[in-house]
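# Coordinates in review
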Amino acid sequence: MEQELDPINCKMFDPLPSPLPVTKYIVEMLEKRDLNREEILNALKLDPALAAQVIRLANSSVPNVGISVSSLKNAINLLGLERIFSLLEISLILGKKREREKYPISIKRFWAHSLLVALISESIGKFLKRYQYIETDILFCAGLLHDIGKLVLCTNRPQELRKAVVASTNKVFFHCEDCSCSHVSVGAFFAEKCFYPPDLCSVISSHHAPEESEGYVMLGEVVHIADNMAHVLGYGVVEKESVPEIKLEALKRVNLQGESLRVIASTALEHHKRIRLQVDML
Ligand SMILES: [Fe+2]
Ligand SMILES: [Fe+2]
């Protein structure tokens, strides 16, 4: 796989695209004085592209010391505000250059999908926390980054991505992808090259088949369910794609009843709407 994806290897550290209103909102936040840790965290939680860079930076600064960073909160604690602040500034300056580029998928739809999957994953995590230990910050981050392969394809393999988008009218998008260049395989490659920890790598590479994940089945199942719910709620990434099938074993193991799922979905949607209003994305 590595050889086939060589072009990605060369360009993978280019900034990934973000929707302009999100960029503007973050710039406005940065211009405020005395930005605190909480505000920086909230800014990062808004943008899968920035979050991907922060997780990469945090893990590449500690690849050999046995620490892995799977949540944005821990990444901020490890890197410190100074470094996060510089990264935000650089990403925003470089990202602005990409403003007018046309991508095979809508970056706004990608953003809305990733954010909703993150919020639903976090909500499911809060629910499950009553019964078992589960790290909701990691679930949020895993949900936000689960489809990062699609963004990497936008900037590195747009033709392959466009082909799959065109083929996916009324079909499940990932069934229309070329296996050697799917968002899952490219996302997994990206995560590995960016020193992402095993839990995030596992979700990125197995969110459509969580039973295949190595050692992080529950994490993958929660994101899988959240991904499916986002599609059912009308927040898929590709406009005319069909809703992917949900794995019944995942639903069974996570053990959420219909009413709980409804409450989780409506809470996450409310939160999603507030964020979209905040950044002017409605
Ligand atoms: Fe996916
Ligand atoms: Fe997804």
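Residues numbered from 1 in each chain as written. Chains lettered and ligands numbered in written order. Predicted model: local features only at pLDDT ≥ 70, side-chain atom pairs only at ≥ 80, totals over all residues. Heavy atoms only, no water.

## Brief notes about the overall build of the chain
Along the backbone of the chain there are 14 helices and zero strands. Helices and strands in the chain line up, N terminus first, as α-α-α-α-α-α-α-α-α-α-α-α-α-α. Radius of gyration (C-alpha) of the chain: 18 Å, near the 19 Å computed for a compact globule of 282 residues. A principal-axis box enclosing the C-alpha atoms of the chain has dimensions of 45 × 45 × 40 Å. In the chain, which comprises 282 residues, the proportion classed as buried is 55%. In the chain, the proportion of contacts linking residues at least 24 apart, taken out of those at least 6 apart, comes to 75%. Total accessible area on the chain is roughly 13300 Å²; 51% of this is exposed by carbon and sulfur atoms. Charge-centre separation for the chain: the mean point of 33 positive side chains lies 5 Å from the mean point of 35 negative side chains. (Helix = DSSP H or I, 4+ residues; strand = E, 2+ residues; numbered from the N terminus. Rg over C-alpha atoms; globule rule 2.2 N^0.38 Å. Buried < 20%, exposed > 50% of the residue type's maximum accessible area, 1.4 Å probe, protein only. Contact = heavy atoms within 4.5 Å. Areas by Shrake-Rupley, 256 points an atom, 1.4 Å probe, with all protein chains shown as cover. Lys, Arg positive; Asp, Glu negative; His and termini not counted. Charge placed at Lys NZ, Arg CZ, Asp CG, Glu CD.)

## Structural notes on the side chain of Asn228
By secondary structure assignment, the location of Asn228 is in helix α12 (residues 217-232). Once residues lying within four places of it in the same chain are set aside, the contact partners of Asn228 are Val243, Pro244, Glu245 and Ile246.

## Some thoughts on the packing of helix α10 (residues 183-193) against helix α11 (residues 198-206)
Where α10 meets α11, the axes come as close as 8 Å, and the angle between the chain directions of the two elements is 165°. For the element pair α10 / α11, the angle class is roughly antiparallel. Crossing hand, α10 versus α11: right-handed. Here Val184, Gly187, Ala188, Ala191 and Glu192 of α10 lie close against α11, whose contacting residues are Cys201, Ile204 and Ser205. Residues of the contact of α10 with α11, tallied by class, amount to five nonpolar, two polar and one charged. (Axes fitted to C-alpha atoms, helices over the stretch in contact; angles between N-to-C directions. Parallel < 35°, antiparallel > 145°, perpendicular 65-115°, else oblique. Left-handed = near helix turned anticlockwise from the far one by under 90°. Nonpolar A, V, L, I, M, F, W, Y, C, P; charged D, E, K, R; others polar.)

## Thoughts on the confidence of the model for the chain
Residue-level pLDDT values for the chain average 87, and 90% of them are 70 or greater. Of all helices and strands in the chain, the one with the weakest mean pLDDT is helix α1 (residues 6-11) (49), whereas helix α7 (residues 136-145) scores best (96). (pLDDT = per-residue confidence, 0-100.)

## Focus on the pattern of salt bridges
Scanning all chains against the criterion turns up seven salt bridges. Here Glu259 ties to Arg262 by a salt bridge, and the two come within 3.0 Å at their closest N and O atoms. Here Glu259 and its partner Arg262 are both found in helix α14 (residues 258-278), three residues apart, which amounts to about one turn of the helix. Look at Arg262 and you get exposed, because its relative accessible area is 54%. (Salt bridge = Lys/Arg side-chain N within 4 Å of Asp/Glu carboxyl O.)

## Quick look at the coordination of the iron ion (ligand 2)
Around the iron ion (ligand 2), the donor atoms from the protein are His113 (NE2), His146 (NE2), Asp147 (OD) and Asp227 (OD), and they sit 2.2 to 2.3 Å away. One can describe the site at the iron ion (ligand 2) as irregular: its four donor atoms subtend angles covering 83 to 174° at the metal. Ordering the donors of the iron ion (ligand 2) by residue number gives the pattern H-x32-H-D-x79-D. A separation of 3.8 Å is found between the iron ion (ligand 2) and the iron ion (ligand 1), which share Asp147 as a coordinating residue. Residue His146 is classed as buried on the basis of its relative accessible area, which comes to 1%. With relative accessibility at 1%, the residue Asp147 sits in the buried group. (Donors = N, O, S within 2.8 Å, 3.2 Å for Na, K, Ca; no water. Tetrahedral: all angles 85-135°; square planar, octahedral: opposite > 155°, others 65-115°.)

## Focus on the coordination of the iron ion (ligand 1)
Donor atoms from the polypeptide that bind the iron ion (ligand 1) are Asp147 (OD), His183 (NE2), His207 (NE2) and His208 (NE2), placed at 2.1 to 2.2 Å. Because the angles between the four donor atoms bound to the iron ion (ligand 1) fall within 87 to 175°, the donor set is best described as irregular. Along the chain, the residues that donate to the iron ion (ligand 1) are spaced as D-x35-H-x23-H-H. Judged by its relative accessible area of 1%, His183 is buried.

## Considerations on α11
The buried fraction of α11 is high, at seven of nine residues. The complete set of buried residues in α11 reads Asp199, Leu200, Cys201, Ser202, Val203, Ile204 and Ser206. Here the buried face of α11 lies against α4 (48-60), α7, α8 (148-156), α10 and α12.

## Here we look at the side chain of Asp47
Looking at the secondary structure, you find Asp47 in the loop between α3 (37-44) and α4. Classification of Asp47 as buried rests on a relative accessible area of 2%. Polar contacts involving the side chain of Asp47 include one to the main-chain amide nitrogen of Ala49, which spans 3.0 Å. Other than its neighbours up to four places away in sequence, Asp47 contacts Ser18, Val22, Ile26, Trp111 and Leu144. (Polar contact = N/O pair within 3.5 Å; in protein donor to acceptor, adjacent residues only side chain to side chain.)

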